[in-house]
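Chain residues, written in single-letter form:
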Amino acid sequence: MLESTIAAIRPLDDAAMAAARELHGRLTKPAGSLGALEELSVRLAGLAGACPPPLPERAAVAIFAGDHGVHAQGVSPWPQEVTAQMIANFLAGGAVVNAFARQAGAAVTVVDVGVATPIPTAGTEPLDPAGGASVLDPAGSARLLDPAVPRLVDANVRPGTADLTVTAALTRDEARAAVETGVRVADELIDAGAGILLTGDMGIGNTTPAAALIAAFTGADPAAATGRGTGVDDATYQRKVDVVRAALERHRPDPADPLGVLATVGGLEHAALAGLILGAAARRVPVLLDGVIAGSAALAAAAFAPDAVGAMVAGHRSAEPGATLALRKLGLDALIDLGLRLGEGTGALLALPVVTGAVRVLHEVATFDSAGVAEK
């Protein structure tokens, strides 16, 4: 599956991009007056191979969740059980991502790709006040794109990674299984009618492997790629930097071997997010990136298939320093910068109306000729 997905990824369509630029020149606005939105709409036309491109409607957030053996090194003050507890919160509709998703009309799919502890879902009530589909749907048979019904997909590859300071976090087969899980989720959501995918993540300690991935793919010093995650103190931050440095020195990951990098210093949610991005790119559907976890996964996806960058839209610039390094390496500019560092998909959801607006201009704004407006 991974190889066929990569083979399906193609460059942006030059003719469609040229048509979008030409159309922008005829719309009733000064040339270039919409700034970055104009180039975004041009890229989305190139991705779709059509001008105007489809409106990015029926948005779907995919939150991949996993735990991390490196948690044993004291890189986070939060207990590992919080990963499973937050999944229950997602399913109950009580997290920030749920609030933002309801505002945006986006569906929420939570994918357990590597959670280490049982998910306390017993007694969870459905959000549908009419008593419709359950919020817990391991078989994936609920209404996939219903914003009112968060769902859980059981795709656990293993219950958390190994400690990357001691051994490889994953085997190559496990890393591949996680990537292919992400591809399958992308296909499922797109087949259900999603016009844009948004990345989400949950995993206590997951900014540590994210920093290791970013340092591996960009060549940055671990201190530059590592941030404070949930807001750790100085001693814990220095421990994180030392852990990332030790893992990179132990494994010497080769950025030309993205599966190997994910296996040695990555996480299950990072690998699955890379697969989601690849799956969206193969289907020529945009994927709106959230924060630093998504950035690290996007670097892996770009290493698998450089043309996958054409499907990526950087939703926001995370306060985590590694996120800026990742976006710079990918050549992407963030749409918003609000100092966010929550994850879950929250920043991507806030940026979603910006993406929709960029495309809507090409659909709905009159040209000078059709509006009877004189050009300069």
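Preceding block: the structure.
As the structure is a computational prediction, the values presented were derived from the model and not from experiment. (Residues numbered from 1 in each chain as written. Predicted model: local features only at pLDDT ≥ 70, side-chain atom pairs only at ≥ 80, totals over all residues. Heavy atoms only, no water.)

Draft legend 1. Here's a closer look at the overall build of the chain. Scanning the chain from terminus to terminus reveals 15 helices and six strands. With 376 residues in all, the chain has 57% of them scored as buried. Of the contacts formed within the chain by residues at least 6 apart in sequence, a portion of 78% connects residues at least 24 apart. Accessible surface, the chain as shown: approximately 14,000 Å² in total, 54% of it carbon and sulfur. Treating the 27 positive side-chain charges of the chain as one cloud and the 40 negative ones as another, the clouds have centres 4 Å apart. (Helix = DSSP H or I, 4+ residues; strand = E, 2+ residues; numbered from the N terminus. Buried < 20%, exposed > 50% of the residue type's maximum accessible area, 1.4 Å probe, protein only. Contact = heavy atoms within 4.5 Å. Areas by Shrake-Rupley, 256 points an atom, 1.4 Å probe, with all protein chains shown as cover. Lys, Arg positive; Asp, Glu negative; His and termini not counted. Charge placed at Lys NZ, Arg CZ, Asp CG, Glu CD.)

Draft legend 2. Expanded view of the pattern of salt bridges. Applying the stated criterion across every chain yields a total of 15 salt bridges. Among the ionic pairs, Glu38 bridges to Lys29, the shortest N-O distance being 2.8 Å. Overall, the relative accessible area of 12% leaves Glu38 in the buried class. When its relative accessible area of 12% is taken as the criterion, Lys29 is described as buried. In this structure, Arg176 and Glu180 form a salt bridge, with 3.4 Å as the shortest nitrogen-oxygen distance. Pair noted here: Arg176 and Glu180 are both in helix 6 (residues 172–191), with a separation of four residues, about one helical turn. A single salt-bridge network, built from bridges that share partners, covers Glu3, Arg176 and Glu180. (Salt bridge = Lys/Arg side-chain N within 4 Å of Asp/Glu carboxyl O.)

Draft legend 3. Looking closely at the pairing of strand 1 (residues 59–66). Of all eight residues in strand 1, eight are buried; the element is thus mostly enclosed. Burial of the side chains of strand 1 extends over both faces: Ala59, Val61, Ile63 and Ala65 are buried on one face and Ala60, Ala62, Phe64 and Gly66 on the other. By the bridge criterion, seven bridges tie strand 1 to strand 4 (residues 196–202) in an arrangement that is parallel. Counted as the bridge partner of Val61 is Leu198 from strand 4. (Pairing = 2+ DSSP bridges.)

Draft legend 4. Main features of the packing of helix 7 (residues 207–218) against helix 13 (residues 321–330). Taken N-terminus to C-terminus, the directions of helix 7 and helix 13 make an angle of 35°; their axes are 10 Å apart at the nearest point. The chirality of how helix 7 crosses helix 13 is left-handed. Across the interface between the two elements, Ile214, Phe217 and Thr218 of helix 7 pack against Gly322, Ala323, Leu325, Ala326 and Lys329 of helix 13. Among the residues forming the contact of helix 7 with helix 13, the class breakdown is five nonpolar, two polar and one charged. (Axes fitted to C-alpha atoms, helices over the stretch in contact; angles between N-to-C directions. Left-handed = near helix turned anticlockwise from the far one by under 90°. Nonpolar A, V, L, I, M, F, W, Y, C, P; charged D, E, K, R; others polar.)

Draft legend 5. The arrangement of the packing of helix 3 (residues 36–48) against helix 14 (residues 346–364) in detail. Contact geometry of helix 3 with helix 14 gives a least axis separation of 9 Å together with a crossing angle of 80°. Considering their axes alone, helix 3 and helix 14 lie roughly perpendicular with respect to each other. Contact residues: helix 3 offers Leu37, Leu40, Ser41 and Leu44, while helix 14 offers Val354, Val355, Ala358, Val359 and Leu362. For the contact of helix 3 with helix 14, the residue count by class is eight nonpolar, one polar and no charged. (Parallel < 35°, antiparallel > 145°, perpendicular 65-115°, else oblique.)

Draft legend 6. Seen up close, the packing of aromatic side chains. Using the criterion set out here, one finds zero aromatic pairs in the structure. A cation sits over an aromatic face here: Arg228 above Tyr237, 4.9 Å from the ring centre. (Phe/Tyr/Trp six-rings, centres within 6.5 Å; stacked < 30°, edge-to-face > 60°. Lys NZ or Arg CZ within 6 Å of the ring centre and 35° of its normal.)

Draft legend 7. The arrangement of the pairing of strand 2 (residues 107–114) in detail. Along strand 2, eight of the eight residues are buried, which leaves the element largely enclosed by surrounding structure. Pairing between strand 1 and strand 2: seven bridges, direction parallel. Counterpart to Phe64 in the pairing with strand 2 is Val111. Of the strand pairs in this sheet, strand 2 and strand 3 (residues 151–154) are connected by four bridges, and their pairing is parallel. Bridge pairing in strand 3 links Asp112 to Asp154.

Draft legend 8. Molecular detail of the side chain of Thr83. Mapping Thr83 onto the fold places it in helix 4 (residues 82–92). Accessibility expressed as a relative area gives 0% for Thr83, which makes it buried. A polar contact is formed between the side chain of Thr83 and the backbone nitrogen of Ile204, at a distance of 3.0 Å. When near neighbours in sequence (up to four residues on either side) are disregarded, Thr83 contacts Ala65, Gly66, Asp67, Val115, Met202, Gly203 and Ile204. (Polar contact = N/O pair within 3.5 Å; in protein donor to acceptor, adjacent residues only side chain to side chain.)

Draft legend 9. Looking closely at the sheet that holds strand 1. Reading across from one edge, 3-2-1-4-5-6 is the order of the six strands in this open sheet, with parallel pairing throughout. Edge positions in the open sheet fall to strand 3 and strand 6 (312–314), since each of these has one partner strand only. Strand-to-strand twist of the sheet, defined as the mean angle between neighbouring strand axes without regard to direction, takes the value 30°.

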